[in-house]
Amino acid sequence: MTGQTPSPGPARLGILDERVDEVAAASRRARPQRLIMAVFITGFLLFNLGFRTAFVWLAAVLFADLYGLAVTRLAAKRGAGPKVRRAGYVSAVVVMVSVWTSLAVVLWLSEHPALRFAAVCLTAGQLIHAQAVTFRSPTVFAFDAGLPALALAGMPLLLGGYGGWSSLTVLIAVALVLLYTVSSATLNARRVSALEAAERAAMSASAAKSVFLATMSHELRTPMNGVLGMARALTAGPLDRQQARQVDMLIRSGEGLMTILNDVLDVSKIEAGKLELEVLAFDLRDLVDEVAGLWAEAATAKDVRLTSVVDPLAPTWVSGDPTRLRQVLTNLISNALKFTASGAVTLRVGPAGAAFQEIQVVDTGIGMSAEQQARLFQAFSQADASITRRFGGTGLGLAICKQLTELMGGAITVRSAPDQGSAFTLALPLPAVAAPEVAPSAPCEGIAGLRLLVADDNHINQLVARTILEAAGARVEVADNGRQALQRLGEHAYDAVLMDVHMPDMDGLEALRRVRAGAAGAGDIPVIALTADVMHGDEGDLLACGFDAVQAKPIQPAALISAIARACPGARPTTLAAS
């Protein structure tokens, strides 16, 4: 196929390659077990061969271990190259294996049948260790298996008085053991290589998925910014009743698409371990009332009674992540209303002891079988395939509820039966806290009269921002990229800049860096980031880069105006220069 380049072949490996490092790392981790085994064998020798033999052998083992430590640390201290360090480790392996192999020879020389059998077992154990641990490096494996194999053959042939056919039998037996050891080590190496290749492929696929989702997030949010922005702008103008309903339906449909997109991104962030939780004080009763209020109209439209009940014993102020709790409750109530054609949906909150709160969402809907419940919290899965056709949905809502609940240190369970409704129960650690002291804030005077610069390469996004900001009384100018924005800032005075992050020629990050360096007038001018990228917690990264605030696309008019007002406290609107 054209456009493809051949993948590079495997790197040529040498005698002292990085595989020696892998074996050395495994050996360091196994040092405690090795020393415990040495102590055990010392006791065995003390009982069978006396104090002197046991003492000498234990001293030899400790010397070999200390030699290995000394060689590797000395090489590291002197800044030796990797091959020198690896050669030092291999020499330590030779010393250590020689000490253990010499023990087998000592046991064989005792001429006691049981101790000779122990000598054979000891060399066999060394071979097992070699094929299981040092198989990664042929160099280390050669010494770790070669010396015991020589002892296994040499003890009966050189020290046992075997001759003729007996010697041949011994050699064949040792050869079979060695063949098995080498074959097993080779198989282990192949399995490890296959696992490592599979892990690399999985990591590459995960990275590709993350890049794809981040790209799709940006590409979907950009047109949705235009759709929702213009739809919200229409609500500010004169509309008859039918037009108002149509615009409202347009906004609701767009927000529904954004909910699906956000669900997919949340699952990906949770899988990647990049979803961070807040811990702050919030009013639990207010949050419950807010969530119930959001769904009151939808419940009324279905003729379903939606009620919320908070136990008087439940604390008012608790500590936790209100944003994620709101998301979980919203998903649960949305799910309950979706599957409840008539009857009621009830949200209950009460204390569960030990700083835990129990939150239940109970409905009188279609219910589920035990088999359906078993698949309920799996991503991209619904209780039944027909559910998707009848009710729609991605099957992500409940999976996100479970993952977020567990991230918050809680648990979610479900109790249900066909045609008997369902009850979802959350147990969350939400310890009671004192109500925070709220400092009086200065009244916000809005953004009327402020002169703002919007830097965005997408003309639809420019129009959306201009429409929202001019409706709020601001005076707006636009730039197509960061370089144009710097030029405008150098020519005119602005109260704030709204900067898209991704732009051609010069992106928002580079433009911000130059603004803060004083390359375009006042370096402390408020700069607010506009971004369609929300995959990797960009808000914190962007704030750390020097932005005063971050607004995600699609733009929420009230949130954008509020962010500008906060970034320009007491700003005196600039006077437009004659052009």
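Being a predicted model, the structure only gives us computed values, none of them experimental.

**Q** Could you clarify how one ought to interpret the sheet that holds strand β10 (residues 496–500) in this entry?
**A** Two orientations exist for strands paired in a sheet by backbone hydrogen bonds: parallel and antiparallel. The 5 strands are arranged β9-β8-β10-β11-β12 in an open sheet whose pairing can be described as parallel. Edge strands, defined here as strands with exactly one partner in the open sheet, are β9 (475–479) and β12 (549–552). For this sheet the average axis-to-axis angle between neighbouring strands, irrespective of direction, equals 20°. Pairing of strand β8 (residues 451–455) with β9, which is carried by 5 bridges, proceeds in the parallel orientation. The residue bridging Val454 from the neighbouring strand is Val478, located in β9.

**Q** Please clarify how unusual backbone geometry should be interpreted in this entry.
**A** Among all residues except glycine, the phi angle is most often negative; among peptide bonds, the trans geometry is most common. Between Lys553 and the following residue, Pro554, the backbone shows a cis peptide bond with an omega angle of 0°. Structurally, Pro554 can be placed in the loop between β12 and α19 (557–567). In the Ramachandran plot, Asp419 falls in the positive-phi region, its phi being about 65° despite a non-glycine side chain. Residue position: Asp419 is located in the loop between β6 (411–416) and β7 (422–429). Of note, the phi angle at Asp505 is positive, near 70°, even though the residue is not glycine. In this structure, Asp505 sits in the loop between β10 and α17 (508–516).

**Q** Which parts of the structure should I look at to understand the nonpolar core?
**A** General note: in soluble globular proteins, nonpolar side chains tend to be found buried as a group. Counting 39 residues, the largest nonpolar core has Leu325, Leu329, Leu332, Ile359, Phe424 and Leu426 as its most contacted members. At 7 residues, helix α11 (residues 322–338) tops the list of elements feeding residues into this core. Contacts of Leu426, omitting those with residues within four sequence positions, involve Val328, Leu329, Leu332, Gln357, Glu358, Ile359, Thr405, Ala411 and Ile412.

Cut-offs and rules
Residue numbers restart at each chain and count upward from 1, following the sequence in its written direction. This being a predicted model, a pLDDT of at least 70 is required before a residue's local features are given, and a value of 80 or more before pairs of side-chain atoms are given or counted; all residues contribute to the totals for chains, interfaces and linings. Water and hydrogen atoms were dropped before computing side-chain values, which therefore reflect all heavy atoms in the structure. Here, strands pair whenever DSSP counts at least two bridges between them. Each helix corresponds to a stretch of at least 4 residues labelled H or I by DSSP, and each strand to a stretch of at least 2 residues labelled E; elements are numbered beginning at the N terminus. For helices, the fitted axis covers only the stretch in contact; all axes are lines through C-alpha atoms, and the angles between them, taken along N-to-C directions, range from 0 to 180 degrees. Nonpolar cores were defined as sets of buried Ala, Val, Leu, Ile, Met, Phe, Trp, Tyr and Cys residues, with membership established by side-chain atoms within 4.5 Å. Type-normalised accessible area, obtained with a 1.4 Å probe on protein chains alone, sets the label of each residue: buried when under 20%, exposed when over 50%, and partly exposed for intermediate values. Working rule for contacts: check all heavy atoms of both residues, and any pair within 4.5 Å makes them a contact.

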